[in-house]
Amino acid sequence: MGDTKISYDEKFGINNFRSEICAALGDEFWETLTEGLTLPDIETEGKCQCRNMCAFMRRFEEMADKETVRSILCKVRHGLRPSQSSWAREEFLQIGDLDAFLKMHQHAELKNFIKLNKENKDFYGQEITDEVLTFIRKNPAMLAPVRKGNKLICTAFPCDMKEYLKAKDSTMKRYHACHCPFAKESILSGETVSAALCYCSLGHVMNFSEAFLDRELEGKVVHSVLNGDMACEYEITIPDDIMAQYVTPRESKTVIANYYRYYKAFGLSGIIELHEGTIDWMMPKEGKVGPSLAFNVQLSKDRCREELQELIAGIKAKTVPNRWFITPDAEPENIIELLEANGFKNLSENAEQPELGMLLWVSDFTPCLQEENPAIVCREVRTLEDFSAWVDVVNTALHGWEMIDAENYYTWIKQENMRFYLAELDGKAISTVATIRTGNTASLEFVSTLQEYRRRKAAIILSSRALENLFAAGVESVTLSGSGEAVPLYEKLGFHQCFHNIIMLYE
């Protein structure tokens, strides 16, 4: 959950609270706050079931607004400072990717716990039994922050894991989860210390993240044992510029790579010709029908104008598609301006509903359950008859013309990395989905529903089924291209935007 290499300040106590409160609100505020109170002592507070801290926090929250209280407590953070974890900043910059850094840190922490388990050694006094190790494996946010979108999720390691796992009573489970000597014993009393105190622990957790990101962060307590929850969980917001620099580029590469795999899958039909060069494209063979699109645009920087003129000549000769799909990796960097200056029109520039490159991590997945509409029947497509029904829905609902046909594209069914799904209502095929898997990533394709059957949750239920199968098989991320009214559906499932797709048309 943080830096297990850190050395804690043995003098941590109420004076840390005093320093931060006085720094923010002044000495006079502290004097008024503590007048007539017995100040909590970290060594003895448990003996009075934390009544002193209950009174301290009650008055503090009466005298200052909620946000001020939380902000100050967050800076108390058990006496820690980001500078104590400065090693993490160097490591993060060397890796240059947030997810890779978090995964590496998580693996290192898990490896340490596995070693402690094998050698029968303790972790800050805790025995790492087989049961404890299994629980840790199932809760990776205990080891290191887990990113969900633009949030880092951290879960507190229970104070006494062995007893926590044994406890059947919810009160005792909360008691064994709590680390705080200023609050723990109050869980067994008639008055529990205010859950706002957990913002001190939030600061403790944020200390590591602030160290490797080299800035102050914002966060919140999501769950607290002082508030009746079974564990303490924290959420830290990742700044937009950090996302843009250390997350989005890798996600975009994944989305783009899956786009290209999808386009190339059309070549399996035998009626679509694939070309690879300075740009790639797919076109129907002579006398056939199907998609026509140029993609993976990689013109050379020193000859881009000459290459473009050659390609335009191909467009005029109908040997090169006139519709080009431009992704963030396209070269040269000024490709849009270059194309516009040579007769291409940007179809995406003024679009009311832009087409988005989107990605879903397994940790962000929020499935729509079958119970949302029990009448919807979902099944996997395996026969030519089912595939014909699938193709009919796709052509009608998604494309509006016969872009693909069952006879030539039935070869897709035989591909180990491709799966096709059909949703039915009262025996009628109404919705489709397909997935294309490559290693630990996959794409969600052909999400469609017949017009007259929309808004019945068929597409989201069917998509959930397909995604569940992918994640159960070890896939970590899924991508798609989304537009229009489908985008909110994808966002409900947990997908987020990576970039805008751009379509250029030569007229």
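These numbers were taken from a predicted model, which means no experiment stands behind them. All residue numbers refer to position in the chain's written sequence, counted from 1. Selection of residues for local features in this predicted model requires a pLDDT of at least 70, selection of side-chain atom pairs for listing and counting requires 80 or more, and totals for whole chains, interfaces and linings are taken over all residues. Heavy atoms throughout the structure, all of them, feed into the side-chain values; hydrogens and water do not.

Caption draft 1: Quick look at the packing of aromatic side chains. Working definition: a ring pair exists when centres of Phe, Tyr or Trp rings (six-membered ring for Trp) sit within 6.5 Å. Plane angles under 30 degrees give stacked, over 60 give edge-to-face, the rest tilted. If you walk through the whole model with that rule in mind, you get 40 aromatic pairs. Ring centres of Phe56 and Phe60 lie 6.2 Å apart, and the angle between their planes is 50°; on these two criteria the pair is classed as tilted. With a gap of 4 residues between them, Phe56 and Phe60 both fall in helix 3 (residues 51-63), about one helical turn apart. The exposure class assigned to Phe56 is buried, which follows from its relative accessible area of 1%. Geometrically, the ring pair formed by Tyr260 and Phe295 is tilted, given 5.6 Å between the ring centres and 35° between the ring planes. Within this pair, whereas Tyr260 is found in helix 12 (residues 248-265), its partner Phe295 is found in strand 9 (residues 293-295), the two being separated by 35 residues in sequence. Exposure remark for Phe295: the relative accessible area of 1% places this residue in the buried category. Here, a charge over a ring means that NZ of Lys or CZ of Arg falls within 6 Å of the ring centre while also lying within 35 degrees of the ring normal. Positioned above the aromatic ring of Tyr164, the side-chain terminus of Lys173 is 4.5 Å from the ring centre. In this structure, Lys184 is placed above the aromatic ring of Tyr175, and the distance from its NZ or CZ to the ring centre is 4.3 Å. Each helix corresponds to a stretch of at least 4 residues labelled H or I by DSSP, and each strand to a stretch of at least 2 residues labelled E; elements are numbered beginning at the N terminus. For each residue, the accessible area found with a 1.4 Å probe, counting protein chains only, is set against the maximum for its type, and the residue is called buried under 20%, exposed over 50%, and partly exposed in between.

Caption draft 2: Here's a closer look at the nonpolar core. Buried Ala, Val, Leu, Ile, Met, Phe, Trp, Tyr and Cys residues form a nonpolar core when they are joined through side-chain atoms within 4.5 Å. Membership of the largest hydrophobic core comes to 73 residues, with the highest contact counts inside it found for Phe266, Phe387, Trp390, Trp412 and Phe495. When residues in this core are grouped by element, the largest group, 9 residues, is from helix 17 (residues 458-472). Residue contacts are defined here by distance: any two heavy atoms, one from each residue, within 4.5 Å place the two residues in contact. Those residues in contact with Phe266, other than ones at most four positions away along the chain, are Ile272, Met282, Pro291, Met403, Ile404, Tyr409, Trp412 and Phe446. Grouped together as the second largest cluster of nonpolar side chains are 71 residues, Met57, Val69, Leu197 and Tyr246 included.

Caption draft 3: Quick peek at helix 13 (residues 304-316). Under the 1.5 Å per step criterion, the end-to-end length of helix 13 is 18 Å for 13 residues, consistent within 8% with the ideal 18 Å. For helix 13, the set of buried residues is Cys304, Glu307, Leu308, Leu311, Ile312, Gly314 and Ile315. Summarising the axial view, the buried residues of helix 13 lie within an arc of 155°, below the 170-degree limit, and thus occupy one face. Exposed side of helix 13, more than 90 degrees from the buried face: Arg305, Glu310 and Lys316 are the residues found there. In the core, the buried residues of helix 13 are packed alongside strand 8 (280-284), strand 10 (323-326), helix 14 (335-340), strand 11 (344-346) and strand 19 (502-506). Count one or two residues on from helix 13 and you reach Lys318, which has phi positive near 65°. Here the expected length of a helix is defined as 1.5 Å per residue gap, with one fewer gap than residues. Arc definition: directions from the helix axis to the C-beta atoms.

Caption draft 4: Geometry of the pattern of salt bridges. Salt bridge, as used here: a side-chain nitrogen of Lys or Arg that lies within 4 Å of a carboxyl oxygen of Asp or Glu. The full count for this structure, using the stated rule, is 25 salt bridges. Asp241 serves as the salt-bridge partner of Arg215, at 2.8 Å between the closest nitrogen and oxygen. With a gap of 26 residues between them, Arg215 in the loop between helix 10 (198-213) and strand 5 (218-223) and Asp241 in helix 11 (residues 240-246) connect regions that are remote in the sequence. Its relative accessible area of 31% is what places Arg215 among the partly exposed residues.

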